[in-house]
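Chain and residue survey
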Amino acid sequence: FGREMRATSEKKEVAEMLGINTRRVFMISWTIGITLTGIGGLLVTPLYYIQPSAGATFRTTAIVAVVLGGLGDIRGALISGIFLGVIEALCALLVASDLGQLGIFVAYLLVLYLKPQGLFGKGERVA
């Protein structure tokens, strides 16, 4: 199924020509995503009030982790996510408990200034 997902994400028409049921792949992929989102929401509700903006902090941190790791690099996103968690904890411990997000954004700006493609991102492809 993983190969079918990768083929469908690359080029839907070619995947269909190879005999992959792309509608099924999309359906299962969305189901997995929605299920994981629901589980994440269930795990967060005991710690935060239930309101529309409850997940904004997590969403922003996740986007920063993906961009810092290099777009399209899962290993980089994982490593940068751990890196951001350590930075947030250190800032909350050393500066103030409310300023953990500030450390994340300072690291984000520094990395993008020094290495715009992200920590593990490759440079632009040249034809």
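Now for a look at the structure at hand. (Residues numbered from 1 in each chain as written. Predicted model: local features only at pLDDT ≥ 70, side-chain atom pairs only at ≥ 80, totals over all residues. Heavy atoms only, no water.)

The next point concerns the overall build of the chain. When helices and strands are counted, the chain shows 6 helices and 0 strands. Secondary structure of the chain in N-to-C order comes out as α-α-α-α-α-α. For a compact globule of 127 residues, the expected C-alpha radius of gyration is about 14 Å, and the chain comes in at 18 Å, more than 25% above that figure. Principal-axis analysis of the C-alpha atoms gives the chain an extent of 55 × 45 × 20 Å. A burial count over the chain gives 20% of its 127 residues as buried. Put simply, of all contacts in the chain between residues at least 6 apart along the chain, 42% involve residues at least 24 apart. Looking at the chain as shown, the accessible area adds up to about 9900 Å², and 68% of this sits on carbon and sulfur atoms. Within the chain, the 8 negative side-chain charges are centred at a point lying 6 Å from the centre of the 11 positive side-chain charges. (Helix = DSSP H or I, 4+ residues; strand = E, 2+ residues; numbered from the N terminus. Rg over C-alpha atoms; globule rule 2.2 N^0.38 Å. Buried < 20%, exposed > 50% of the residue type's maximum accessible area, 1.4 Å probe, protein only. Contact = heavy atoms within 4.5 Å. Areas by Shrake-Rupley, 256 points an atom, 1.4 Å probe, with all protein chains shown as cover. Lys, Arg positive; Asp, Glu negative; His and termini not counted. Charge placed at Lys NZ, Arg CZ, Asp CG, Glu CD.)

The description of two packed helices rests on the angle between their axes and on the distance between the axes. It is at 11 Å that the axes of helix α4 (residues 56-69) and helix α6 (residues 100-114) come closest, and there the two elements cross at 25 degrees. When the interaxial angle is binned, α4 and α6 end up roughly parallel. Judged by the sense of rotation from one axis to the other, the crossing of α4 with α6 is left-handed. Mapping the contact onto sequence places Thr 57, Thr 60, Thr 61, Val 64, Val 67 and Leu 68 in α4 and Gln 101, Ile 104, Phe 105, Tyr 108, Val 111 and Leu 112 in α6. In the contact of α4 with α6, the residues fall into 8 nonpolar, 4 polar and no charged. (Axes fitted to C-alpha atoms, helices over the stretch in contact; angles between N-to-C directions. Parallel < 35°, antiparallel > 145°, perpendicular 65-115°, else oblique. Left-handed = near helix turned anticlockwise from the far one by under 90°. Nonpolar A, V, L, I, M, F, W, Y, C, P; charged D, E, K, R; others polar.)

Membership of the largest hydrophobic core is limited to 6 residues, which are Val 64, Ala 65, Leu 68, Leu 84, Ile 104 and Val 111. Those elements that place two or more of their residues in this core are α4 and α6. Ranked by residues supplied to this core, first place goes to α4 with 3 residues. Apart from residues no more than four positions distant in its own chain, Val 64 is found in contact with Leu 84, Ile 104, Phe 105 and Tyr 108. (Core = buried A, V, L, I, M, F, W, Y, C linked by side-chain atoms within 4.5 Å.)

In this fold, Thr 8 is placed in helix α1 (residues 2-10). A relative accessible area of 5% places Thr 8 in the buried class. In terms of polar contacts, Thr 8 uses its side chain to reach the backbone carbonyl oxygen of Glu 4, at 2.8 Å. Apart from the residues lying within four places of it in its own chain, the contact partners of Thr 8 are Ala 15, Ile 20, Thr 22, Val 25 and Phe 26. (Polar contact = N/O pair within 3.5 Å; in protein donor to acceptor, adjacent residues only side chain to side chain.)

The next point concerns α4. Spanning 14 residues, α4 covers 20 Å between terminal C-alpha atoms, matching the ideal 20 Å at 1.5 Å per step. Listed in full, the buried residues belonging to α4 are Thr 61, Val 64, Ala 65, Leu 68 and Gly 69. The arc enclosing the buried residues of α4, seen along the axis, measures out at 125 degrees, which places them on a common side. The exposed set on the far side of α4, more than 90 degrees from its buried face, consists of Arg 59 and Ile 63. In this fold, the buried residues of α4 make contact with α5 (74-94) and α6. (Expected span 1.5 Å × (residues − 1). Arc of directions from axis to C-beta.)

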